[in-house]
Each structure stands twice: as structure tokens, then as C-alpha cells.
Amino acid sequence: MHKNFKNIEKVVFGRGSFSTMDSILEPVRKENDHFFVFLVDNYFKGRELEQRIPARPEDVVRFIDVDPYEPTTEQIDSLRDEILQSKGLPSGVVGIGGGSIMDIAKAVSLMFTNEGSSTLYQGLNLIKKPGIYHLGVPTISGTGAEVSMTAVLTGPEKKLGLKCDWTVFNQVILDPELIASVPRDKWFYTGMDTYIHCIESETGILNNAFSHAYAEQALKLCQDVYLGDEAGQTPENDDKLMVASLMGGLSLTYSEVGVCHALSYGLSKILGEKHCYANCVAFQHLEDYYPKGLEEFRQMLDKHQIELPQGLSRDWTEDQITRMAQVAYNLPHMWNHAIGPDWKEKITLETIKDLYRRM
Ligand code: NAD
Ligand code: ZN
């Protein structure tokens, strides 16, 4: 009934704050086998940021390609096994990248100390021991993965997070300079994840004064960034979007996401679509559930000349639509929040299939 939420232990915010990392890591270096693992989005390989990573000769720096697939359980297990066998137990893990890298860093830090495959721990509070120290540096804003209690992984059976108190980062560095290079389309889709988190958090039975305060502020920031007189990718807006992402994540943690995220999970699990893009594809058809949010979302699409695909479902088989609807239906906490405890009387597999057919 009452969520007892574990927040990030420490946060540093501000342009240029990436440079504080070396001194932040220093006291942690005495832990375990005295080396750090840096997991870095492949985008930064050969770019200026690579030179600024405070890695020492004993550390491991791994560049990870996060496209086109979302993080998998297999990827986490093999990364963990390989590092444990070759170097031992790290002092900590640093993730530098988007939501994918945030989730990989969180998951791998837990799996260093929990035996067996990460598939065993997909769900709530299944992790048995605290993981190792982990620090997150987001480089694209919107998912809220930098603050959330979950590390979402796609496994052979399900797309589900390793969710527990120990998943949350020990430290986050929010340096808005790092998101300046995000291409416009990804800036839009990932930012819209925050926008949709807030709309869904606000529209449902679990909304409360606490989640509302965060959502209200994050929505205001999104409106400035995407619709204001100074809308667009400016340094000031990058500051705002980075804070909005964090607050959107906090809002949904104290409330819940809804119909759009349920449908988005189906698109990701069955068709492999990326989370933020899948949300946008689904959200444009949810006038029955989020009419006001959708109206504003359409203004944002127009303003930034983003065109979302139409008529996708013409190419989907009945079997694919059914399987996507099953994935979405099996997220009862989202439907309960969005529709109410009697949601099963209002939402059937057929209702959900019809929503997919609109896409
Ligand atoms: P991402 O991490 O998948 O990255 C998207 C793209 O942006 C990649 O091509 C990446 O290389 C590029 N990129 C990242 N930073 C860049 C930069 N500064 N400049 C240029 N390009 C850059 O993107 P995302 O949308 O942040 O994350 C999606 C993932 O987050 C999904 O796997 C999803 O499941 C997960 N997610 C997790 C949570 C959570 O609470 N844990 C919440 C929502 C989504
Ligand atoms: Zn989301």
C-alpha cells in the first residue's frame, strides 16, 4: 500500500560535473579487487568524452553498442562471467550512456554478487545480496532509468526488470553538456518518455500529492523544452530536460505508468521496438485514455516535424497482434492504475488487440 522508495544515494548536477568523477571514485577504489569497470555507449568511442573518462591502467573500459536491441539477460551474464574470470570482483561499475547503459550498469552490479543467470532475478525483490557500488552518468534524457529501482532486461521468457532497493545507483552525475550531441529524433522520442511517464502517472488511481508534485514540475519543464518560445536543443533546455527526466522517474515510482507503457512493452517484446519510440507509436492512438496529453503531444510532433509511422498494423500477422496484446494484458499493475480495480470488466484481450490495430 505505502511504497518505501529507495532514492539515489548521491547526485551531482551541473554543466561540467562529469569532471568530478575521479574524486568521487577515489575512496571506493579500496573495495574488492581494486579496479573499476566503465561501461560506455559506443557512440563515445573515439570522441572527446573518451579522453575524459578517469580510467586507470588496472580498470576495464568496455564500449557497448546499444542498437538495435535493448539489454538482454544473456548480455549481462556473459559480461559478469568474463570480468570475474579475468580480473576478479570490481570495486564498482560506472555506466555512461542512455537508458540502455544505465540498465546494463545497474544489472551487472547486482549480478556480480548474485549467483546464476540474471533470468532468475527478473521480478520484484528476487535479488538475494546487495550488488557492488555503481555510478550512472546519463547521456540522453527521458527514461528516468538514472533514478528508477529497476534494471529492465529482455530474457528468453520475459521483458522484466531486476527490481529491488539495491538496483538504485549509489551515485549519479547529471551533466547536461553530455546530452547536447543527441540527434533530434532520439532527443524527441526519449524526452517524450518523460512526458508520457508524467501523463500516465497523473492519470490513474495511484496519483497522489507526492507523485503529482514531481509530474507537475516535469511536465512544465517538458513544455518549455518542446513547446516554449525557446523550444529546441539549447544548453538551457538540456539542463531542464535532464531534471525533467529525473522528476518524471520519481513521479512514476510513487504512482504508476499506464496504457501506453503496457502497449509499448508488447511492441518491444514481440517486435523488438525500442522503448521510447514504441511509446510514441502507441501514444498517438490513445485519445480515449489521455485526450489532453495527446493534444499537446501532437503540438510537439508538429513543432519538431517528427513524423510517426501510420498503418504499421497492416503488416502485422494476427498471431503477432495476439502475442503483443498478451504481453500488454499481463501488466495488471498498469491497467489497475489507469482503469481501476475493475479493469478486467472494461479491458479484454480484444480491446487491446483493437488498440494495436489502430497503429
Ligand atoms: P539508449 O540508451 O537505447 O540510446 C539511444 C541511442 O542514443 C543510442 O543509439 C545511443 O548510442 C544514442 N546516444 C546516447 N547518448 C548519446 C549522446 N549524448 N549523443 C549521441 N547519441 C547518443 O536510449 P534510451 O532511450 O535512453 O534508453 C532506452 C532503454 O531504457 C530501453 O532499453 C528501455 O528498456 C530502458 N528503460 C529503462 C527504464 C528504467 O526505469 N530502468 C525506464 C525506461 C526505459
Ligand atoms: Zn518509459
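Since the structure is predicted, the reported quantities are computational estimates derived from the model, not experimental observations.

Asker: I keep staring at the pairing of strand S9 (residues 171–174) and nothing clicks. Help me out?
Answerer: Where a strand is regular, its side chains alternate between the two sheet faces. Burial along S9 is two-sided: Gln171 and Ile173 facing one way and Val172 and Leu174 facing the other are all buried. Across four bridges, strand S1 (residues 10–13) lies against S9 in parallel orientation. Paired with Lys10 across the strands is Gln171, a residue of S9. Taken together, the two bridges between strand S6 (residues 133–138) and S9 define a ladder with parallel strand orientation. Considered in S9, the bridge of Leu135 is made with Gln171.

Asker: Any chance you could explain the layout of surface pockets here in plain terms?
Answerer: Over the atoms rolls a probe the size of a water molecule, and its path tells where empty space is left. Estimates place the volume of the second largest pocket at around 210 Å³. Taken together, Tyr195, Ile199, Thr203, Leu219, Gln223, Tyr290, Lys292, Gly293, Glu295, Glu296 and Gln299 make up the lining of the second largest pocket. Residue assignment for the lining of the second largest pocket shows that the elements contributing at least two residues are helix H5 (184–202), helix H6 (209–227) and helix H10 (291–303). Here the lining of the second largest pocket gets five residues from one element, more than from any other, and that element is H10. Of the residues that constitute the lining of the second largest pocket, the class distribution is four nonpolar, four polar and three charged.

Asker: How should I be thinking about the coordination of the zinc ion (ligand 2) in this particular structure?
Answerer: Ideal geometry at a metal centre gives angles of 109.5 degrees when four donors are arranged tetrahedrally and 90 or 180 degrees when six donors are arranged octahedrally. Taken together, the protein ligands of the zinc ion (ligand 2) are Asp193 (OD), Asp193 (OD), His197 (NE2), His261 (NE2) and His275 (NE2), with distances of 2.1 to 2.8 Å. Read in sequence order, the donor residues for the zinc ion (ligand 2) give the motif D-x3-H-x63-H-x13-H. Residue Asp193 is located in helix H5, and its partner His275 is located in helix H9 (residues 275–283); the two are separated by 82 residues in the primary sequence. Exposure remark for Asp193: the relative accessible area of 0% places this residue in the buried category.

Asker: Explain the pairing of strand S4 (residues 92–97) here, please?
Answerer: Of all six residues making up S4, six are buried, and the element is well covered by its neighbours. Residues Gly92, Val94 and Ile96 point to one face of S4 and Val93, Gly95 and Gly97 to the other, with burial holding for every one of them. Of the pairings in the sheet, the one linking strand S2 (residues 36–41) to S4 comprises five bridges and is parallel in character. Bridging across to S4, Val40 finds its partner in Ile96. Sheet topology note: the S4/S6 ladder contains six bridges and is parallel. Of the residues in S6, the one forming a bridge with Ile96 is Val137.

Rules of the game
Residues numbered from 1 in each chain as written. Chains lettered and ligands numbered in written order. Predicted model: local features only at pLDDT ≥ 70, side-chain atom pairs only at ≥ 80, totals over all residues. Heavy atoms only, no water. Buried < 20%, exposed > 50% of the residue type's maximum accessible area, 1.4 Å probe, protein only. Helix = DSSP H or I, 4+ residues; strand = E, 2+ residues; numbered from the N terminus. Pairing = 2+ DSSP bridges. 1 Å grid on protein atoms, 1.4 Å probe; cavity = no way out; pocket = protein on both sides within 12 Å on 5 of 7 lines; lining within 4 Å. Points joined across faces, edges and corners; volume = space filled by probe spheres on them. Nonpolar A, V, L, I, M, F, W, Y, C, P; charged D, E, K, R; others polar. Donors = N, O, S within 2.8 Å, 3.2 Å for Na, K, Ca; no water.

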